[in-house]
Amino acid sequence: EEMLRARALLSDDALQRALLVHAETGERLDAVVTRLGLLSEDRVATEMGAYTGLPVVDGAAFPSQAIEGPDLPPDFLRENRAVPIAADTTFVRVAVSDPFDSFVEQAFGFTFGCHVERVIARASDLDAAIERLYHGAAPVAEDADGEIDSDDLERLKDLVSDAPVIRAVNRL
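Quick notes on the rules
Residues numbered from 1 in each chain as written. Predicted model: local features only at pLDDT ≥ 70, side-chain atom pairs only at ≥ 80, totals over all residues. Heavy atoms only, no water. Helix = DSSP H or I, 4+ residues; strand = E, 2+ residues; numbered from the N terminus. Contact = heavy atoms within 4.5 Å. Areas by Shrake-Rupley, 256 points an atom, 1.4 Å probe, with all protein chains shown as cover. Expected span 1.5 Å × (residues − 1). Buried < 20%, exposed > 50% of the residue type's maximum accessible area, 1.4 Å probe, protein only. Pairing = 2+ DSSP bridges. Axes fitted to C-alpha atoms, helices over the stretch in contact; angles between N-to-C directions. Right-handed = clockwise from strand over helix to strand, strands pointing away. Polar contact = N/O pair within 3.5 Å; in protein donor to acceptor, adjacent residues only side chain to side chain. Phe/Tyr/Trp six-rings, centres within 6.5 Å; stacked < 30°, edge-to-face > 60°.

Thoughts on the overall build of the protein
Within the protein, the secondary structure is distributed over 8 helices and 3 strands. Overall, the protein shows an N-to-C arrangement of helices and strands of α-α-α-α-α-β-β-α-β-α-α. Residue pairs in contact within the protein that sit at least 24 positions apart in sequence constitute 61% of those at least 6 positions apart. Put simply, the protein shows about 9900 Å² of open surface, and 52% of that area lies on carbon and sulfur atoms.

Some remarks on helix α4 (residues 41-52)
Taking 1.5 Å of rise per residue, the 12 residues of α4 would be expected to cover 16 Å, and the 16 Å separating its terminal C-alpha atoms lies within 8% of that figure. If you check which residues of α4 are buried, you get Val44, Ala45, Glu47, Met48 and Gly49. Tucked into the core, α4 has its buried residues touching α1 (2-6), α3 (29-35) and β3 (115-120).

As for the sheet that holds strand β2 (residues 91-96)
The strand order β1-β2-β3 describes an open sheet built from 3 strands, whose pairing is mixed. The open sheet is flanked by β1 (82-87) and β3, the only strands paired with a single partner. Within this sheet the neighbouring strands show an average axis-to-axis angle of 30 degrees, counted without direction. Inspection of the sheet shows β1 paired to β2 by 5 bridges, in the antiparallel sense. Pairing of Val83 across the sheet is with Ala95, part of β2. Of the strands in this sheet, β1, β2 and β3 touch helix α6 (residues 102-112), which is tilted by about 145 degrees from β2. Sheet contacts for helix α7 (residues 123-135): β1 and β2; angle to β1, the most-contacted strand, approximately 70 degrees.

What to know about the pairing of β2
Counting buried residues in β2 gives 5 out of 6 residues, a clear majority hidden from the surface. Where β1 folds back on β2, the antiparallel hairpin that results is connected by 3 residues. Sheet topology places β2 next to β3; 6 bridges connect them, and they run parallel. Bridge pairing links Arg93 to Glu117 in β3. Between the parallel pair β2 and β3, the chain is carried across by α6, and the sense of this crossover is right-handed.

What to know about the side chain of Asn80
Mapped onto the secondary structure, Asn80 falls in helix α5 (residues 74-80). Other than its neighbours up to four places away in sequence, Asn80 contacts Asp101, Phe103 and Val104.

Re the environment of Arg132
Positionally, Arg132 belongs in helix α7. In the structure, Arg132 is positioned 68 residues away from Ser64 in sequence and 8.7 Å away in space, judged by C-alpha atoms. Only 3.1 Å separates the side chain of Arg132 from the backbone oxygen of Pro63, close enough to count as a polar contact.

Some details on the packing of aromatic side chains
Under the counting rule described, the total for this entry stands at 4 aromatic pairs. Pairing Phe76 with Phe108 gives two aromatic rings, centres 5.9 Å apart and planes at 50 degrees, and the pair type is tilted. With a gap of 32 residues between them, Phe76 in helix α5 and Phe108 in helix α6 connect regions that are remote in the sequence. Residue classification places Phe108 among the buried positions, given a relative accessible area of 1%. Taken together, the aromatic side chains of Phe76, Phe103, Phe108 and Phe112 make up a single cluster linked through ring pairs.

Here it is, written out as structure tokens:
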């Protein structure tokens, strides 16, 4: 919110609308702003980079295979929208969608045991990289027992989470 206000990226009405949806859904404000179509993902990433001084990378910056190092649970990467894109013995470079979240930097520093350099990436590029690098091919919807897998459950949760956004926007 501070960045949006400081850089005057939205009108007061648009910011109030985004804050209402954010309060209703608990979703991160940058995600709400892009989902409502108030700003593009590119613009949000660029503005975050200008505000924080961190470099912004695009999808081409992601490696063709997962970085060597500790095993990283895909759920952790998805939840935090963070992907290591380079590493050696002294540092790990991590692409993040939320440069204001210090937990991600601490978690990767602890996991890799070295200095963390953060760069900003679009959420959609991070999601695609996590799927490609840490999940492989899309799983079959049901296993042999006929149970729903976790990816299907996440997709259903995403669909349901749109309902509060729609209700909040309709109230405006």
